[in-house]
Amino acid sequence: MADTVRDPPPDGTDFHELEDGEELFPEPAAAPEESQPASLPAEDISTNSNGPKQDLLFDDDPEDLFAEATEEVSLDSPERDVLLSDGPSPAITPITPPTSVITPRIGHAHDDMFTHSSFDEIEEEEGGDSFDIHISVSDPEKVGDGMNAYMAYKVTTKTSMSLFKQKDFSVKRRFSDFLGLHSKLASKYLHIGYIVPPAPEKSIVGMTKVKVGKEDQSSNEFVEKRRSALERYLMRTVKHPILLKDPDVLQFLESSELPRAVSTQALSSAGLLRMVNKAADAVNKMTIKMNESDAWFEEKQQHFENLDVQLRKLHASVESLVCHRKELSVNTAQFAKSAAMLGNSEDHTALSRALSQLAEVEEKIDQLHQDQANGDFYLFSELLGDYVRLLTAVKGVFEHRMKTWQKWQDSQMLLQKKREAEAKLQFTNKPDKLQQAKDEIKEEIEELEGKVQQGERDFEQISKTIRKEVSRFEKERVKDFKTIIVKYLESLVLTQQQLIKYWEAFLPEAKAIS
Amino acid sequence: MMEEVKEVTSALSVHGHNIKITDVVKDGDALTFVIVSQKLSGTGEYHVDRTWDDFEWLQQHLFSQEDVPGLQGVIFPPLPAKASGNASAKIMKQLGVLGLGEWQPYCKALETFLQQVATHKILNKNKAVEVFLTSSDAPGRQKVKKNIFNRLSQAVEEMRKEGHKDVDEFFQTERDHNLVLTGCTKTAAEKFLDMVLTEQKIAVACGHFSAALHLCVEPGEDPDKKAFSRLCVQISEVFDSMKKNMTSVAENNVNTLGLGLDLESRYQEAEKEMLFRRTCKLVELENARRNAEKAKPVKKAAMEEVKTATQTEFQQICGVARQEIKQFHGVRVKMLQQALVQWCEKQLLTAKESTDQFNQHLQAFRGMAQ
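Since the structure is predicted, the reported quantities are computational estimates derived from the model, not experimental observations.

Points about the interface of chain B and chain A
Then step 1. Taken residue by residue, the interface counts 62 residues in chain B and 60 residues in chain A.
Then step 2. Taken together, the two surfaces of chain B and chain A that pack against each other cover about 5600 Å², and 74% of this comes from carbon and sulfur.
Then step 3. On the surface where chain B and chain A come into contact, there are seven salt bridges.
Then step 4. Scanning the region where chain B abuts chain A turns up 12 residue pairs in polar contact (both at pLDDT 80 or more).
Then step 5. Within the residue set of the side of chain B that touches chain A, elements represented by two or more residues are helix 5 (169-214), helix 6 (223-294) and helix 7 (297-366) of chain B.

Topic: the pattern of salt bridges
Then step 1. Counted according to the given criterion, the structure contains 43 salt bridges over all chains.
Then step 2. Of the charged contacts, one joins A:Glu327 and B:Lys201 as a salt bridge, the two residues approaching to 3.0 Å between their closest N and O atoms. In this pair, A:Glu327 is assigned in helix 14 (residues 295-345) and B:Lys201 in helix 5, connecting two distinct chains.
Then step 3. In this structure A:Glu327 comes out as partly exposed when scored by relative accessible area, which is 28%.

Remarks on the packing of aromatic side chains
Then step 1. Overall, the coordinates contain 29 aromatic pairs over all chains when judged by the stated rule.
Then step 2. When the centroid spacing of 4.9 Å and the interplanar angle of 85° are considered together, the rings of A:Phe380 and A:Tyr488 count as edge-to-face. Here A:Phe380 is found in helix 15 (residues 349-425), whereas its partner A:Tyr488 is found in helix 16 (residues 431-511), with 108 residues between them in sequence.
Then step 3. Ring geometry for B:Trp103 and B:Tyr106: centres 5.7 Å apart, planes at 70°, overall edge-to-face.
Then step 4. Its end group placed over the ring of B:Phe228, A:Arg477 keeps NZ or CZ at 3.9 Å from the ring centre.

Observations regarding helix 1 (residues 52-63) of chain B
All names here are of chain B.
Then step 1. Here helix 1 is 12 residues long and its end C-alpha atoms lie 17 Å apart, about the 16 Å a rise of 1.5 Å per residue gives.
Then step 2. Of all 12 residues in helix 1, 10 are buried; the element is thus mostly enclosed.
Then step 3. Within the span of helix 1, buried status applies to Trp52, Asp54, Phe55, Glu56, Trp57, Leu58, Gln59, Gln60, Leu62 and Phe63.
Then step 4. Buried residues along helix 1 sit against strand 1 (20-27), strand 2 (30-38), strand 3 (45-51), helix 3 (104-118) and helix 4 (127-134).

Some details on the domain arrangement of chain B
Residues and elements named next belong to chain B.
Then step 1. According to the domain assignment, chain B contains domain 1 (1-154) and domain 2 (161-370).
Then step 2. Domain 1 and domain 2 are separated by 21 Å when their C-alpha centres are compared.
Then step 3. Domain 1 puts 26 residues into the contact, and the matching count from domain 2 is 26 residues.
Then step 4. Approximately 2300 Å² of surface area, both sides summed, lies buried where domain 1 meets domain 2, with 67% of it carried by carbon and sulfur atoms.
Then step 5. Counting across the domain 1 and domain 2 interface gives zero salt bridges.
Then step 6. Counting across the interface, domain 1 meets domain 2 through five residue pairs in polar contact (both at pLDDT 80 or more).

Examining the sheet that holds strand 2 of chain B
Residue and element names in this part refer to chain B.
Then step 1. Pairing is antiparallel across the open sheet formed by three strands, whose spatial order is 1-2-3. The open sheet has two edge strands with one neighbour each: strand 1 and strand 3. Geometrically, the sheet is characterised by an average inter-axis angle of 20° between neighbouring strands, direction not taken into account.
Then step 2. Across the face of the sheet, helix 3 comes into contact with strand 1 and strand 2 while running at roughly 130° to strand 1.
Then step 3. Across the sheet, helix 4 lies against strand 2 and strand 3, angled at about 95° from strand 3, the strand it touches most.

As for the state of the cysteines
Then step 1. In total, this model carries zero disulfides over all chains according to the counting rule given.
Then step 2. For B:Cys206, which is in no disulfide, the shortest distance to another cysteine sulfur is to A:Cys323 and amounts to 14 Å.
Then step 3. Note on B:Cys206: relative accessible area 1%, which makes it buried.
Then step 4. Free of any disulfide, B:Cys280 has its nearest cysteine sulfur in B:Cys318, 13 Å distant.
Then step 5. With a relative accessible area of 15%, B:Cys280 lands in the buried category.

Description of the nonpolar core
All names here are of chain B.
Then step 1. If you look at the biggest cluster of nonpolar residues, it comprises 179 residues, and the most contacted ones within it are Phe55 and Leu133.
Then step 2. Lining this core are residues from two domains, each supplying at least three of them: domain 1 (1-154) and domain 2 (161-370).
Then step 3. Among all residues touching Leu133, those that are not within four sequence positions of it are Leu12, Val14, Ile19, Ile35, Ser37, Tyr46, Val48, Leu114 and Ala118.

Brief notes about the packing of helix 8 (residues 175-189) of chain A against helix 10 (residues 217-239) of chain A
All names here are of chain A.
Then step 1. At a minimum axis separation of 12 Å, helix 8 and helix 10 run at an interaxial angle of 30°. With respect to their mutual orientation, helix 8 and helix 10 come out roughly parallel. Handedness of the helix 8/helix 10 crossing: left-handed. Touching Phe175, Phe178, Leu181, His182 and Leu185 of helix 8 are Arg226, Leu230, Tyr233, Leu234 and Thr237, all from helix 10.
Then step 2. Along the lines of polarity and charge, the residues of the contact of helix 8 with helix 10 split into seven nonpolar, two polar and one charged.

Observations regarding unusual backbone geometry
Then step 1. One non-glycine residue with positive phi stands out, namely A:Asp139, at about 50°.
Then step 2. Structurally, A:Asp139 can be placed in strand 1 (residues 133-143).
Then step 3. The exposure class of A:Asp139 is partly exposed, given its relative accessible area of 43%.
Then step 4. A positive phi angle, close to 70°, is found at B:Trp103, a residue other than glycine.

What to know about the side chain of B:Asn253
Residues and elements named next belong to chain B.
Then step 1. Residue placement: Asn253 occurs in helix 6.
Then step 2. For Asn253, a relative accessible area of 2% corresponds to the buried category.
Then step 3. The contacts of Asn253, once residues within four sequence positions are left out, are Phe192, Met195, Val196, Glu199, Gly258, Leu259, Trp343 and Gln347.

Quick notes on the packing of helix 5 of chain B against helix 6 of chain B
The angle between the axes and the distance between the axes are what describe a pair of packed helices.
Residues and elements named next belong to chain B.
Then step 1. Helix 6 packs onto helix 5 with a crossing angle of 160° between their chain directions and a minimal axis gap of 7 Å. Classed by the angle they form, the pair helix 5 and helix 6 counts as roughly antiparallel. Our pair here, helix 5 against helix 6, has a crossing hand that is left-handed.
Then step 2. Broken down by class, the residue content of the contact of helix 5 with helix 6 amounts to 24 nonpolar, 14 polar and 11 charged.

Some details on the sheet that holds strand 3 (residues 168-174) of chain A
All names here are of chain A.
Then step 1. Strand order in the open sheet formed by three strands is 1-2-3, and the pairing between neighbours is antiparallel. Each edge of the open sheet is held by one strand with a lone partner, namely strand 1 and strand 3. For this sheet the average axis-to-axis angle between neighbouring strands, irrespective of direction, equals 20°.
Then step 2. As judged from the seven bridges shared by strand 2 (residues 150-159) and strand 3, these two strands associate in the antiparallel manner. In the sheet register, Lys158 faces strand 3, and the bridge partner there is Asp168.
Then step 3. Across the sheet, helix 10 lies against strand 1 and strand 2, angled at about 150° from strand 1, the strand it touches most.
Then step 4. Sitting on the sheet, helix 12 (residues 247-254) touches strand 1, strand 2 and strand 3, and the angle it makes with strand 3 is about 95°.

A closer look at helix 12 of chain A
All names here are of chain A.
Then step 1. Where burial is concerned, most of helix 12 is hidden: eight out of the eight residues are buried.
Then step 2. Every buried residue of helix 12 is accounted for by Pro247, Asp248, Val249, Leu250, Gln251, Phe252, Leu253 and Glu254.
Then step 3. The secondary structure elements touched by the buried residues of helix 12 are strand 1, strand 2, strand 3, helix 8, helix 10 and helix 11 (241-244).
Then step 4. A side-chain oxygen of the first residue of helix 12 lies 2.6 Å from the backbone nitrogen of Asp248; this N-cap is Asp246.

What counts, and where the lines are drawn
- Residues numbered from 1 in each chain as written.
- Chains lettered and ligands numbered in written order.
- Predicted model: local features only at pLDDT ≥ 70, side-chain atom pairs only at ≥ 80, totals over all residues.
- Heavy atoms only, no water.
- Contact = heavy atoms within 4.5 Å.
- Buried area = accessible area lost by both parts, 1.4 Å probe.
- Salt bridge = Lys/Arg side-chain N within 4 Å of Asp/Glu carboxyl O.
- Polar contact = N/O pair within 3.5 Å; in protein donor to acceptor, adjacent residues only side chain to side chain.
- Helix = DSSP H or I, 4+ residues; strand = E, 2+ residues; numbered from the N terminus.
- Buried < 20%, exposed > 50% of the residue type's maximum accessible area, 1.4 Å probe, protein only.
- Phe/Tyr/Trp six-rings, centres within 6.5 Å; stacked < 30°, edge-to-face > 60°.
- Lys NZ or Arg CZ within 6 Å of the ring centre and 35° of its normal.
- Expected span 1.5 Å × (residues − 1).
- Domains from an automatic or database assignment.
- Pairing = 2+ DSSP bridges.
- Axes fitted to C-alpha atoms, helices over the stretch in contact; angles between N-to-C directions.
- Disulfide = S-S within 2.5 Å.
- Core = buried A, V, L, I, M, F, W, Y, C linked by side-chain atoms within 4.5 Å.
- Parallel < 35°, antiparallel > 145°, perpendicular 65-115°, else oblique.
- Left-handed = near helix turned anticlockwise from the far one by under 90°.
- Nonpolar A, V, L, I, M, F, W, Y, C, P; charged D, E, K, R; others polar.

Encoded structure:
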């Protein structure tokens with residue numbers, strides 16, 4: 001046997017060769033193993049557990065974990081698919097702080113990102129990239145036929161942020177994709193106190209008309225309304241500094257193929273509200289009422305209750321305005337017609353011409369009314385509607401905080417019981433079993449102490465997060481309303497200027513009658 | 001040499017063209033109008049109080065003048081329907097644009113009626129006009145005897161005569177034309193009113209929105225809360241401006257073109273009635289002719305007399321009617337022109353004012369911190 005290999009004989013060096021690993025293990029083995037802990041939660045979730053194992057795993061040294069997992073969780077590694085899977089279904093109870101699940105990209109400039117243990121630090125690290133991203137949803141296109149048809153929308157992102165691979169890119173998405181994105185974000189972030197913007201409402205009636213192929217005004221309006229709502233939804237989502245960096249969001253915006261989101265029934269904001277309400281009921285059914293030590297939360301909750309009522313009133317008011325505006329448009333068109341007929345029947349030439357001109361002016365004014373009605377609707381009515389829906393998410397995070405508190409209290413109660421049991425053990429008369437029982441209880445107590453600590457931390461964390469989120473919400477609210485009213489005023493000014501033009505053109509005609 | 005000219009002067013001692021209704025007083029159901037007219041002698045004014053019943057009294061007297069040949073050929077200035085302080089929805093609907101704006105358009109319509117009567121060369125000779133305008137006592141309220149002009153007395157059978165073919169092309173054309181115009185004008189006036197009512201609804205909706213925004217204002221030192229409260233107040237001011245704008249637009253519509261279309265519509269109806277009266281006379285004449293032809297010798301002379309009398313009446317009516325029609329054509333064009341010009345000017349002014357106001361709001365918002 002001629003050895004072509006001139007390498008040192010395997011005298012005690014086998015071990016080293018094996019470590020190099022290339023011959024024995026054709027596939028790269030290092031990668032999957034090192035990131036094993038990171039992918040664990042994804043598997044555990046399916047078993048519907050609260051995940052005590054995870055608590056123990058990630059409790060003490062999150063930094064170490066990340067040090068291990070670093071470069072492996074890159075864009076091209078196979079684990080990314082696992083991390084970015086359809087995610088936990090919304091019905092699942094909360095998973096642990098997602099530090100372990102997600103490793104958000106911040107930008108290549110931040111090499112130390114994986115030592116962050118929470119989003120707080122990530123957020124404070126804004127550093128390099130200022131917020132510069134614009135998303136538009138356009139070109140609705142019907143795909144397919146009959147009841148299986150759907151609308152595909154083009155989602156275009158224009159940005160200079162280093163978070164993205166390109167500066168200007170688009171993808172095609174359908175409505176259920178948006179719902180899928182929202183469900184993933186909601187399941188990841190809502191329970192830890194982040195206000196996740198709700199997805200636009202489903203509409204069976206609206207979509208059926210579109211599927212059936214009705215090419216009329218109302219189905220066009222429906223598509224336009226939906227397109228606008230999807231655009232606002234995406235913009236609101238990316239304005240959130242944490243959500244912007246979520247891999248699901250990035251994949252949604254960038255990836256040409258998206259795995260189809262299934263079971264979208266629970267994914268609309270109405271579904272979310274139902275889920276939140278169910279959770280709230282579950283909490284209320286328990287006899288313990290939350291001992292609110294922080295007046296801030298009580299006050300804010302009351303404030304949001306009031307705001308909800310007021311916004312709904314405003315929304316109803318604007319809807320009424322839109323309705324009347326449309327009515328005015330119809331009436332103006334009818335008057336224009338009658339003026340035209342009058343002009344045609346008129347003998348007197350100059351008067352006849354003036355009346356015909358009058359009819360034309362009124363037709364133009366009709367168009368102005370329609371534009372204004374659209375302005376009323378798309379600016380104010382939809383803004384108010386969005387905020388009413390957004391408030392359900394706000395209420396949701398407050399509910400989750402209560403749940404978190406409840407969990408902490410439960411652990412504490414259990415711990416108390418175990419301690420009492422331990423104390424009782426001292427007086428048992430079975431000395432042979434005593435030691436075993438003592439050991440068991442000690443173990444349980446240790447476990448529970450850990451749980452209690454975690455519960456307290458979770459509660460503090462969610463409280464802290466909610467405070468920040470509420471502050472952000474209130475600032476955004478002022479910005480949003482201000483932006484809208486400025487746009488609205490601009491449209492009002494434009495309308496009046498158009499009217500001036502029309503009247504100035506008509507005046508000489510009226511004067512020229514005799 | 002100064003000849004003593006027997007002037008056929010009007011019995012009127014006041015100017016007709018500038019009669020004004022300066023006030024309307026509501027007392028429960030009844031509305032009382034204050035009418036001011038200028039003495040011809042230039043020495044002052046007459047102020048009188050009149051109710052709608054007094055107006056009707058005047059109109060009845062005009063209809064029943066006996067010594068005027070061809071009176072039936074007159075296009076009588078139309079009197080608006082009776083309005084009451086607590087008018088039912090039905091009456092308000094009937095009044096149309098005149099029922100809006102706190103009786104201002106209604107007063108204008110009554111004013112126009114008086115001006116038209118007082119400047120009408122035939123009608124202003126009626127003593128009733130002088131009494132109406134100058135007597136400090138309200139004219140007697142006794143019901144005047146029924147006359148052919150009372151619209152309500154026109155039997156349904158008589159309406160068949162409306163389509164009766166004419167012997168004169170001028171009149172046939174005028175009748176056809178009037179028929180079309182009456183319909184078109186009525187429709188235009190109705191559609192215009194619909195527009196105005198919707199504009200009013202929009203103004204109300206803006207007011208509601210503005211009020212609802214004030215509910216969002218919350219006390220507190222929190223800077224974000226304060227910012228939002230301040231924003232709500234400012235937005236509500238914008239909607240107040242929108243309400244003001246829409247209210248002006250509606251008012252302008254009512255006071256100019258709305259009134260104009262309403263008057264034109266009622267005037268066309270008045271012409272229609274005149275033409276109908278003439279047609280009825282024509283039918284009467286044709287019947288008289290037939291009777292005269294067919295009459296047995298015993299009755300022949302009597303029938304001939306009737307025929308001749310009817311013929312004279314008819315010719316007189318035609319004579320007056322031609323004049324009236326000519327006048328009517330001139331007056332209505334002028335009136336519509338005036339309405340259209342005023343309407344345009346007022347809307348132009350409102351648009352300019354609103355532009356300024358909205359721009360002011362816009363600058364204020366843009367200048368806001370953050």
